[in-house]
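Okay, here's what each chain looks like letter by letter:
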Amino acid sequence: MTTSRADAERTKACCAAAYGNDAVALVLGESYHPGGLTLTRRLAEVLALRPGQRVVDVAAGPGATARLLAAEHGVTVDGVDLGEPTVERARLAAEDAGLSASVRFHLGDAERLPLPAGAFDAVVCECAFCTFPDKAAAAAEFARVLRPGGRVGITDVTVAEAGLPAELTTLAAWVACIADARTLDEYRELLATAGLRTVHTEAHDGAVARMIDQIDSRVRLLRMTAADRLAAAGVDVDAVLHYAALARRAVADGLIGYALLVAQKP
Amino acid sequence: MALDERRKRDRDEVFLEYTKSICPVCKVVVDAQVNIRNDKVYLRKRCAEHGQFEALVYGDAQAYLASSRFNKPGTIPLAFQTEVRDGCPSDCGLCPEHKQHACLGIVEVNTSCNLDCPICFADSGHQPDGYSITLEQCERMLDVFVEAEGEPEVVMFSGGEPTIHKHILDFVDAAQARPIKVVNLNTNGIRLATDRRFVAALAERNRPGRPVNVYLQFDGFDERTHREIRGRDLRELKRRALDNCAEAGLTVTLVAAIERGLNEHEVGDVVRFGIDHPAVRSVAFQPVTHSGRHLEFDPLTRLTNSDVIELIADQCPDWFRVGDFFPVPCCFPTCRSITYLLVDRKPERTDVVPIPRLINLEEYLDYVSNRVMPDAAVRAALEKLWSASAFMGAEATAHSLEITAAAVPRGTPAPELECAACGIDLPQAVKELDERAFMIVVQDFQDPYTLNVKQLMKCCVEEITPDGRLIPFCAYNSVGYREQVREQMSGVKVADVVPNATELQPVVTDSPYGSKIASNGDGRPAVARDTTNVGRKAVQR
């Protein structure tokens, strides 16, 4: 897929704004990624995080993962997100949870992480890599901030070689995290080019189906309880349900999946 | 030397659990094993006298294993009624080894019924030699329940047919005079259909904070379903009973006994009918319990919870997927699964949203791998909803639905962040949701074939006996306690009921009540001695 720089910037801004939007928060819930905190725990387990280690959470959102990693694994986490209100919300939530000492958030871009080189034991990036317009740059940034032997853990949408139905590749589908998803092999190659060797992969296709169901049912709930205000907020219920149904079918057809992938810096 | 041509072969099953059960014929306690074969879960056991028995206990091995994390530590009741002597299931109950308190207490008020259904786990009917309890006995039974629970959640009056007991309204009053929150009346609906004064009398007792809920047998819509399960076409009576309840403002749970090859095609229609009927707030599906009286069946192909859930998903594909049902952590998670729906009925469409899609239940109800405590108030609300004591119309259930729905936006309520941008106050909006909520329960009771003491020991549905015991429902119906109590109460000898399984036909004969009993006139005591805990050293030398 070729994308002009201007388009890429527009997409990133649109994506970040959408994820920072309260209407989107209502639709997607606390944990924005498929698999929820259960899959986050699995990712932490596979990364074998140890107390005292330093972790970067790229596209940290409101910080649920960062808080979980700090609380359950005793690591310190630097979360990076592109949306200013999102970063502010993440800070507040970490404060509320009494975790400000071990969890910090930075406003920043995955393709230019505002963090020093070689300082981190692990990088996590959940359901976000597929939305980065310049994936090669993001992968290079993962490699840059990791110490030798450090590992990146990614969970993300995968597509089959056959690709997606045309309707799901439009801009409107970007925030649904699928339009620029790649095959597992392509992710592996992107990481390899950045010098990261993939050491472990797992399929979690059910998680993405579950996520689509959740979006569909949250929108239906909002239509039941607050249809007028939902419309006033600019949420087109029929469009959301339409995309959700398309995506659900693509999952059933094996065109969309979800994968956990761990790669290591030599 | 010639090579040995014999080759070792692998077993065709995964050995999963070692447990105890009973012989379905003589009811002697025997060791049992649970195995997975072809993605299904089977319980197998061997009686020294009657041979080997095997039954399907769960149709989906993955779901069976996955549910093991959703197992809530039990609550210790305020009082136990028996002591540990011979071990499970001979000490009921409840004995101090029982792992859970009673969410639901059942008072069977009689053995007579105005029907003689071919399927009846209580073996009731037009019988001259049964019993019915007195008001004093009922009060004592309720007192035992209160003594054990403090403030019991739910009592269910059952039978026989409880509505034909001349003191049934007094029994309801006796329950309401005690700190028991919800009264359930388990009925075939004949009196509700034909006696509007009785319906009005129940409705008078159905007060805010002290609900009376009707638990109405409702197996389907085909005439054949009615004739084979109930022996009569009751369709018109059921309709009138439901309409009378709606008119009087009584909430109803439709209770469908589902049998393989009989009414399994009707589960979707029962759900749709329930959602559309103004009196109905929930549906309970129960694979037919092969205790008491029932049709001939094959234990290896019986229906289980996962089968019923698949049937519902298949027959209402626009509304449900299998994953919308979540195991109940309060009892053993393979015994019962529940889903709640939010229903929006509009002329152009009925929108149905299963609550488990809105909130990641496993993040709250995983008691094994959760290291960080999830939001305690939300977890407590979900525990109340996914419990045997949840009933639509009960205050605790309505309140828990509100807390759950309010937690939907972000997983945890964060008032200061409440949607400034779009101005949607979801917690306020969901306050009205109780009216739209609908519950579906799938419950597979154990029978003498499927009985597994592992499940029995955490049962939270108890039969309250006139002599003041709380006996787990499946023990009461399968182990021999029902026969023991009936014999004590009626003074007439009652033989142990044996399942009407195809393979047992050569060894069974008819009981006076329509069920089957061993044809050799087995003279063993009704409650068998535990032959597992033999009180001997493991190796005799």
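Residues numbered from 1 in each chain as written. Chains lettered and ligands numbered in written order. Predicted model: local features only at pLDDT ≥ 70, side-chain atom pairs only at ≥ 80, totals over all residues.

A. Summary view of the overall build of chain A. When helices and strands are counted, chain A shows nine helices and seven strands. Here chain A holds 266 residues, and the buried ones make up 55% of them. Look at the contacts in chain A between residues 6 or more apart in sequence, and 78% of them connect residues 24 or more apart. (Helix = DSSP H or I, 4+ residues; strand = E, 2+ residues; numbered from the N terminus. Buried ≥ 20, exposed ≤ 12 C-beta atoms within 10 Å, placed from the backbone. Contact = placed C-beta atoms within 7 Å.)

B. A look at the overall build of chain B. The helix and strand tally for chain B stands at 16 helices and 19 strands. Radius of gyration (C-alpha) of chain B: 23 Å, near the 24 Å computed for a compact globule of 541 residues. For chain B, the spread of C-alpha atoms along the three principal axes comes to 85 × 70 × 45 Å. Counting all 541 residues of chain B, 55% fall into the buried class. Across chain B, contacts joining residues at least 24 apart in sequence account for 70% of those joining residues at least 6 apart. (Rg over C-alpha atoms; globule rule 2.2 N^0.38 Å.)

C. Structural context of the environment of Glu88(A). Within the secondary structure, Glu88(A) sits in helix α5 (residues 84-96). Classification of Glu88(A) as partly exposed rests on a count of 15 C-beta atoms within 10 Å.

D. Looking closely at the packing of helix α5 (residues 196-205) of chain B against helix α7 (residues 235-248) of chain B. Residues and elements named next belong to chain B. One way to put it is that α5 packs onto α7 with a least axis distance of 10 Å and a crossing angle of 40°. In this view, α5 runs oblique relative to α7, as classed from their interaxial angle. Crossing of α5 over α7 shows right-handed handedness. Residue-level contacts link Arg 196, Val 199, Ala 200 and Ala 203 of α5 to Asn 244, Cys 245 and Ala 248 of α7. Of the residues in the contact of α5 with α7, the class split is five nonpolar, one polar and one charged. (Axes fitted to C-alpha atoms, helices over the stretch in contact; angles between N-to-C directions. Parallel < 35°, antiparallel > 145°, perpendicular 65-115°, else oblique. Left-handed = near helix turned anticlockwise from the far one by under 90°. Nonpolar A, V, L, I, M, F, W, Y, C, P; charged D, E, K, R; others polar.)

E. Quick look at unusual backbone geometry. Of note, the bond from Cys88(B) into Pro89(B) is cis; its omega dihedral lies within 30 degrees of zero at 5°. At the junction of Gly159(B) and Gly160(B), the peptide bond is cis and its omega measures out at 20° in the coordinates. Structurally, the position occupied by Gly160(B) is in the loop between β6 (154-158) and α3 (168-176). Phi at Cys127(A) is positive, roughly 50°, even though this residue is not glycine. Relative to the assigned elements, Cys127(A) resides in the loop between β4 (120-126) and α6 (135-145). At Asp39(B), a position not held by glycine, the phi torsion is positive, near 65°. Within the element layout of this structure, Asp39(B) appears in the loop between β2 (29-37) and β3 (40-47).

F. How the structure looks around the nonpolar core. If you look at the biggest cluster of nonpolar residues, it comprises 244 residues, and the most contacted ones within it are Val123(A) and Phe142(A). Broken down by element, the residue count for this core peaks at eleven residues, all from helix α8 (residues 205-232) of chain A. (Core = buried A, V, L, I, M, F, W, Y, C linked by C-beta atoms within 7 Å.)

G. Main features of the confidence of the model for chain B. Residues and elements named next belong to chain B. Within chain B, residue pLDDT values average 90, and 91% of them lie at 70 or more. pLDDT under 50 marks residues 410-425. Its contacts with residues more than four places away, or in other chains, come to 32 contacts. Reported confidences for the modelled complex are a pTM of 0.86 and an ipTM of 0.71. (pLDDT = per-residue confidence, 0-100.)

H. Just the sheet that holds strand β2 (residues 76-81) of chain A, in detail. All names here are of chain A. What the seven strands build is an open sheet, ordered β3-β2-β1-β4-β5-β7-β6; its pairing is mixed. Sheet topology places β3 (103-107) and β6 (197-203) at the edges, where each strand pairs with a single neighbour. Sheet twist, expressed as the average angle between the axes of neighbouring strands with direction ignored, equals 20°. Relative to β4, strand β1 (residues 54-58) runs parallel, the two sharing three bridges. Note that in β4 the partner of Asp 57 across the bridge is Val 124. Set on the sheet, helix α3 (residues 36-47) makes contact with β4, β5 (146-159), β6 and β7 (256-264); between it and β5 the angle comes to about 145°. Helix α7 (residues 184-193) rests against β5, β6 and β7 of the sheet, and its axis sits at about 155° to β6. (Pairing = 2+ DSSP bridges.)

I. Region of interest: the environment of Ala55(B). The residue Ala55(B) is located in strand β4 (residues 51-58) in this model. Sequence-distant contacts of Ala55(B), that is, excluding residues within four places in its chain, are made with Tyr42(B), Leu43(B), Pro299(B), Leu300(B), Arg302(B), Tyr449(B) and Thr450(B).

J. View of α7(A). Residues and elements named next belong to chain A. Residues of α7 that are buried include every one of Tyr 187, Leu 190 and Leu 191, and no others. Each buried residue of α7 sits inside an arc of 95° when the element is viewed along its axis, so together they form one side. Against the buried residues of α7 lie α6, β5, β6 and β7. Gly 195 sits one or two positions beyond α7 and adopts a positive phi of about 90°. (Arc of directions from axis to C-beta.)

K. How the structure looks around the pairing of strand β8 (residues 212-217) of chain B. Residue and element names in this part refer to chain B. Along β8, six of the six residues are buried, which leaves the element largely enclosed by surrounding structure. Here strand β7 (residues 182-187) runs beside β8; their pairing, made up of five bridges, is parallel. From the neighbouring strand, Leu 185 faces β8, where its bridge partner is Val 214.

L. Geometry of the sheet that holds strand β18 (residues 508-510) of chain B. Residue and element names in this part refer to chain B. The three strands are arranged β17-β19-β18 in an open sheet whose pairing can be described as antiparallel. Strands with a single pairing partner mark the edges of an open sheet, and in this sheet they are β17 (497-498) and β18. Relative to strand β19 (residues 516-518), β18 is paired through three bridges, and the arrangement is antiparallel. The residue of β19 that forms the bridge with Val 508 is Ala 518.

M. Structural view of the pairing of β7(B). Residues and elements named next belong to chain B. Of all six residues making up β7, six are buried, and the element is well covered by its neighbours. Alternating positions in β7 separate into two faces, Val 182, Asn 184 and Asn 186 on one and Val 183, Leu 185 and Thr 187 on the other, with burial throughout. One ladder, built from four bridges, connects β6 with β7; its direction is parallel. Its bridge partner lying in β7, Met 156 is registered against Asn 184.

N. Quick look at the confidence of the model for chain A. Of all residues in chain A, 83% attain a pLDDT of 70 or more, and the chain-wide mean is 83. Contacts for the low-pLDDT stretch residues 14-22 of chain A, under 50 throughout, to residues beyond four places or in other chains number 22 contacts.

O. Region of interest: the packing of α3(A) against helix α4 (residues 64-73) of chain A. Residues and elements named next belong to chain A. Orientation of α3 relative to α4, taken along the N-to-C sense of each, is 50°, at an axis distance of 11 Å. The orientation of α3 with respect to α4, classified from their angle, is oblique. Our pair here, α3 against α4, has a crossing hand that is right-handed. Of α4, the residues touching α3 (which contributes Leu 37, Thr 40 and Ala 44) are Ala 64, Thr 65, Leu 68, Leu 69 and His 73.

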